[in-house]
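Descriptive structure summary
The lines below spell out each chain.
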Amino acid sequence: MRKFPEDFIWGTATSSYQIEGAADIDGKGPSIWDSFCTIPGRIAQGETGNIACDHYHKFKEDIQLMKDMGVKAYRFSIAWARVMPTGKGEVNEKGIQFYSDLIDELLKAGIEPWVTLYHWDLPLALQLEEDGWLNKNMTDYFADYANLCFDRFGDRVKNWITLNEPWVVSILGYGQGVFAPGRSSNSEPYLAAHNLLIAHAKAVAVYRENYGHQEGQIGISNNCDWREPLTNSEEDKQAAERALEFFLAWFADPVYKGDYPEVMKERLKERLPEFTEEEKKMIKGSSDFFGLNHYTTMYAANSNGEQQEISVNGNGGISEDQDVSLSLDKSWNVTLMDWAVVPWGCKKLLKWISNRYDQPNIYITENGCAYPDKLVDGKVNDQERVDFYQGYLKACQEAIDEGVQLKGYFAWSFMDNFEWASGYEKRFGLHYVDFETLERVPKKSAHWFKEAIEKNSAE
Ligand code: GBH
């Protein structure tokens, strides 16, 4: 049996707004997601994260379930507005206490905390008073907030992720408007992304300058789906490459090479902001590892100027800027999100990253799938999810065999939760959650994952 490296990190992941609930208790301030969910028509069935999985009150039970699964690491995010209700200045000690207790409980269970500072739930005050990520001031507020987290939790937290998926924040939040703050523009995504990158780099600088003695690692998690050329034509190959550059290199090139990809500069002209020389220096090298969230694959073809409609599903960016049209293969299985299950796309993406960025240490900080799970006689037989994980993890093993420095893998998600604009219908969990009783039940996939961890293999 082929095994993962000895020190491979097996983990599972969640985010604050999707699981915590307790949206306005113990001094928490409102976030842009609290506000976005109140707008009619934005969220399926008008759902909200007000209660979600009530993890705020059930975290000990949840950590016990993680321990039962044998995970070595747990990736969660801090709700900025829980620790800083208006996003700046005043600190909410009860919020600090919650995360402090969570971290202590994890360490007691032998589980390493991997903490994301920003998984989309911006304090509402920063949106209303500062215009959110369109304002450069945000970069300093974020660095101050990061400083607070390093100061209070860094004695125990050794793995930090500044931002989760700035692509989603920019494209879905400022381009397509399907996520908070719900803006639609063809230039704002590039400005929001620019400020997000600078905010990330400032937080990393704070960590490295003031918290070196904590001896942790810090990085950013970007999402990218694989783009496979539709045909062997040179045009389609270039289209697929271009799509990956607009998707991932948009964020990763600044971090690894110090600037945006040429193709984006050429095509976007003045819509793409420029980094100052000082900013370039600060951003280059600002990630100790390559955090990757990966879900699916699509074919890419040169669209020859034929404009694709902007998909509300998130199609890899603003398509007319890329001049790429995307499609699926009819033979591919799809999940409940209509995302295709293509394990070889994961392997190809890992190799693409490895080649382009000189073999960085990579952690897959999210990978997973939604299916219409049913609880029957106290059990959930989610064989499709077992197959999904087995397929993707085998692809990871192949990538490692071919030289990719993949150091860990976090399954999304630990439990069913608030799936943003899709509400609670789309279940991504290894644990089933009954949203009436809030009872948690390990699915078949949780049992399978436990065995894979024990064997240190997906075979
Ligand atoms: C992650 O984002 C989030 O970090 C997490 O909070 C969320 O719960 C989880 O995914 C599941 O959605 O329509 O075929 O073009 C996922 C980012 C970007 C992945 C868009 C899929 C669209 C595929 N997603 N991409 S397609």
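Being a predicted model, the structure only gives us computed values, none of them experimental.

Between helix H3 (residues 55-69) and helix H5 (residues 93-108), the least distance of the axes is 10 Å, while the angle of their chain directions is 10°. The orientation of H3 relative to H5 falls into the category roughly parallel. Within the contact between the two elements, H3 uses His-55, Tyr-56, Phe-59, Lys-60, Ile-63 and Met-66 and H5 uses Lys-94, Phe-98, Asp-101, Leu-102, Glu-105 and Leu-106. Residues belonging to the contact of H3 with H5 are distributed by class as follows: 7 nonpolar, 1 polar and 4 charged.

Mapped onto the elements, Gln-405 comes out in the loop between helix H15 (383-401) and strand S11 (406-412). In contact with Gln-405, not counting residues within four places along its chain, are Ser-354, Gln-359, Pro-360, Asn-361 and Ile-362.

Scanning all chains against the criterion turns up 34 salt bridges. Note that Lys-202 and Asp-140 form a salt bridge whose closest N and O atoms lie 2.9 Å from each other. Remark: Asp-140 occurs in helix H7 (residues 138-153) and Lys-202 occurs in helix H9 (residues 188-210); sequence separation between them is 62 residues. Lys-202 sits in the partly exposed class, given a relative accessible area of 22%. Take Asp-140: its relative accessible area is 40%, and that puts it in the partly exposed class. Residues Arg-271 and Asp-321 are paired through a salt bridge, measuring 2.8 Å at the closest nitrogen-oxygen approach. Of the two residues, Arg-271 sits in the loop between helix H11 (262-268) and helix H12 (277-283) while Asp-321 sits in helix H13 (residues 319-322), which places them 50 residues apart along the sequence. Look at Arg-271 and you get partly exposed, because its relative accessible area is 23%. The class of Asp-321 is buried, set by a relative accessible area of 8%.

Mapped onto the present numbering, the UniProt feature "binding site: substrate" (unreviewed entry) falls at Gln-18, His-119, Asn-164, Tyr-295, Trp-412, Glu-419 and Trp-420. Examined against the element boundaries, Trp-412 turns out to sit in strand S11. Structurally, the position occupied by Glu-419 is in the loop between S11 and strand S12 (431-433). Not counting chain neighbours up to four residues away, the residues in contact with Glu-419 comprise Gln-18, Met-337, Trp-412, Lys-426 and Phe-428.

Rules of the game
- Residues numbered from 1 in each chain as written.
- Predicted model: local features only at pLDDT ≥ 70, side-chain atom pairs only at ≥ 80, totals over all residues.
- Heavy atoms only, no water.
- Axes fitted to C-alpha atoms, helices over the stretch in contact; angles between N-to-C directions.
- Helix = DSSP H or I, 4+ residues; strand = E, 2+ residues; numbered from the N terminus.
- Parallel < 35°, antiparallel > 145°, perpendicular 65-115°, else oblique.
- Contact = heavy atoms within 4.5 Å.
- Nonpolar A, V, L, I, M, F, W, Y, C, P; charged D, E, K, R; others polar.
- Salt bridge = Lys/Arg side-chain N within 4 Å of Asp/Glu carboxyl O.
- Buried < 20%, exposed > 50% of the residue type's maximum accessible area, 1.4 Å probe, protein only.
- UniProt positions renumbered as here; feature names shortened; annotations may be inferred.

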